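Spelled out, the chains give:
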Amino acid sequence: HNTTLSASPPMSPPILCDILVLGAGVAGSNAALAAARAFPSSKVYLLEQFNVLHNKGSSHGNSRIIRFAYNDEVYSQWGVRALEKWKQFEQESGMCVYHRTGGLDYGPAQGNVSDVIHVCKTNNLPHDILSPTQIRERFGNFNVPLDEDYIGVYQPDAGVLNATEAVRMILFLAMKAGVTVRDNERIVDIIPVQSNVDKKPLFVLVRTSSGATYITKKLCVCAGAWTKVCLRRAFGINVDLEVLRMSYFHWSVHPQFRDHYRKSPIWIHWSKKEKEQKGANGELLMDKDGLGHYGIPALHFERDDTFFKSGAHFPVTSDRNTDPDNRSFETPEEKVDLTRAFLNKMMHGVEQQTYEEMRQQGQLTTCLYTMTKDDDFIIDTVEGHENVVLFAGGSGHAFKFGVVLGECLAQLLGDPHAENLLGKYPREKFSLKRHCVPEAKM
């Protein structure tokens, strides 16, 4: 059927391709690379609606955490695999995007950090279990409460991926493998074409804002925050995704503690095992898994090494139900205040800047999370359109897995040599169907 995303420009001669990938963020760029390598004689195109390496989605900025210490065994295993792949691509490209810092997960001993420790043990990951006193002694920037029942787990291989440079690296390798990358190509129409006889998929026609028309045998959708509208209008599917405008902040460090922050591990603070935790005004103080705040050390490529990055992994009311085409790039002051209060309790040496000072000096940044109801990803084909595959619902923790997501999507596209990554886990974990509601709201 024919559905319109926006007013169609004049038609142009069609471009024939074997595989067309929509979205050049970390998932789409890796999918294109994996597809080009899996099918070396195929024509693979990668379209991006903005400039490549833009800052309007979820794959930009100087840092993303990569870690294995998860409270979920699947993502822990994928983290190990992802790091191997990132290192492989570094060697192939001659670029450096991974920086090993080690990682500290900590929180109440009876909280979700206990699940992280369990997964570390189950997956035989090297790790150290630390008391509050040991955390303080080992890392001089932490002020973990001694009068509370806290525990920490340190995993030495965690670190930081330079996000924008990582996507740049994958795009370089993809183009080297024969992928044609075109930016500023906003999708206008997606028209799946099926056989009149048996309803089997034949091809997908895609029109863009430049006037280009693509006819592709297979389509891979990695549209991030734009996935919901894309699936609804092109396939009549209403998928339960919520886009959040999230924020992170660069905090100035007192000179006395700067060396500690330069040597700091990445860190994650977990709360107690509760469904939710709310503040005085009813705002959510942690996500559904208890992951409250996170931090990234003071690195020379982050801002400069007198700042460290920290933010909250939960939304305030004004972050909810964001329209990615009409979003604010301003950071809610209440989010800064919540994070500052946490840091003042848990960390040493944070300079006491006002919101306005931080805003004027460019220390406040936003990005988009596209959330599923349970933080699991969607990696699947579209029912009735087996030549259409997608990744969606990165849920604020997908970047590190971009190289693995590319492998998974190539598997769905029919890579004959792909390891059956998705087949190792229950099919419903990454299923599109369980995130859909029966009728699309047009």
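Treat the numbers as computed from the prediction; the structure is a model and nothing was measured.

A. Region of interest: the packing of helix α1 (residues 26–38) against helix α5 (residues 163–176). Contact geometry for α1 and α5: axes closest at 9 Å, N-to-C directions at 25 degrees. Our classification of the angle between α1 and α5 gives roughly parallel. For the element pair α1 and α5, the recorded crossing hand is left-handed. Only Val167, Ile170, Leu171, Leu173 and Ala174 of α5 make contact with α1, whose side of the interface consists of Val26, Ser29, Asn30, Leu33 and Arg37. Looking at the contact of α1 with α5 residue by residue, the classes come out as seven nonpolar, two polar and one charged.

B. Main features of the side chain of Lys309. In this fold, Lys309 is placed in strand β17 (residues 307–312). A distance of 2.9 Å separates a polar atom in the side chain of Lys309 from the backbone oxygen of Ser63. Ignoring any residue separated from it by four or fewer positions in sequence, one finds Lys309 in contact with Ser63, Arg64, Tyr248, Phe249, His250, Tyr294, Gly295, Ile296 and Glu302.

C. Spatial organisation of unusual backbone geometry. Phi is positive for Leu53, close to 65 degrees, though the residue is something other than glycine. By secondary structure assignment, the location of Leu53 is in the loop between β2 (44–47) and β3 (64–66). Owing to a relative accessible area of 28%, Leu53 belongs among the partly exposed residues under this scheme. Residues other than glycine seldom take positive phi values, yet Lys199 does so here, at roughly 65 degrees. One can find Lys199 in the loop between β10 (187–194) and β11 (201–208). Residue classification places Lys199 among the exposed positions, given a relative accessible area of 54%.

D. Molecular detail of the packing of helix α2 (residues 73–93) against α5. Orientation of α2 relative to α5, taken along the N-to-C sense of each, is 60 degrees, at an axis distance of 10 Å. As for the relative orientation of α2 and α5, their crossing is left-handed in sense. Of the residues in α5, those touching α2 at Trp86, Phe89, Glu90, Glu92 and Ser93 are Ala166, Met169, Ile170, Phe172 and Leu173.

Rules used in this analysis
- Residues numbered from 1 in each chain as written.
- Predicted model: local features only at pLDDT ≥ 70, side-chain atom pairs only at ≥ 80, totals over all residues.
- Heavy atoms only, no water.
- Axes fitted to C-alpha atoms, helices over the stretch in contact; angles between N-to-C directions.
- Helix = DSSP H or I, 4+ residues; strand = E, 2+ residues; numbered from the N terminus.
- Parallel < 35°, antiparallel > 145°, perpendicular 65-115°, else oblique.
- Left-handed = near helix turned anticlockwise from the far one by under 90°.
- Contact = heavy atoms within 4.5 Å.
- Nonpolar A, V, L, I, M, F, W, Y, C, P; charged D, E, K, R; others polar.
- Polar contact = N/O pair within 3.5 Å; in protein donor to acceptor, adjacent residues only side chain to side chain.
- Buried < 20%, exposed > 50% of the residue type's maximum accessible area, 1.4 Å probe, protein only.

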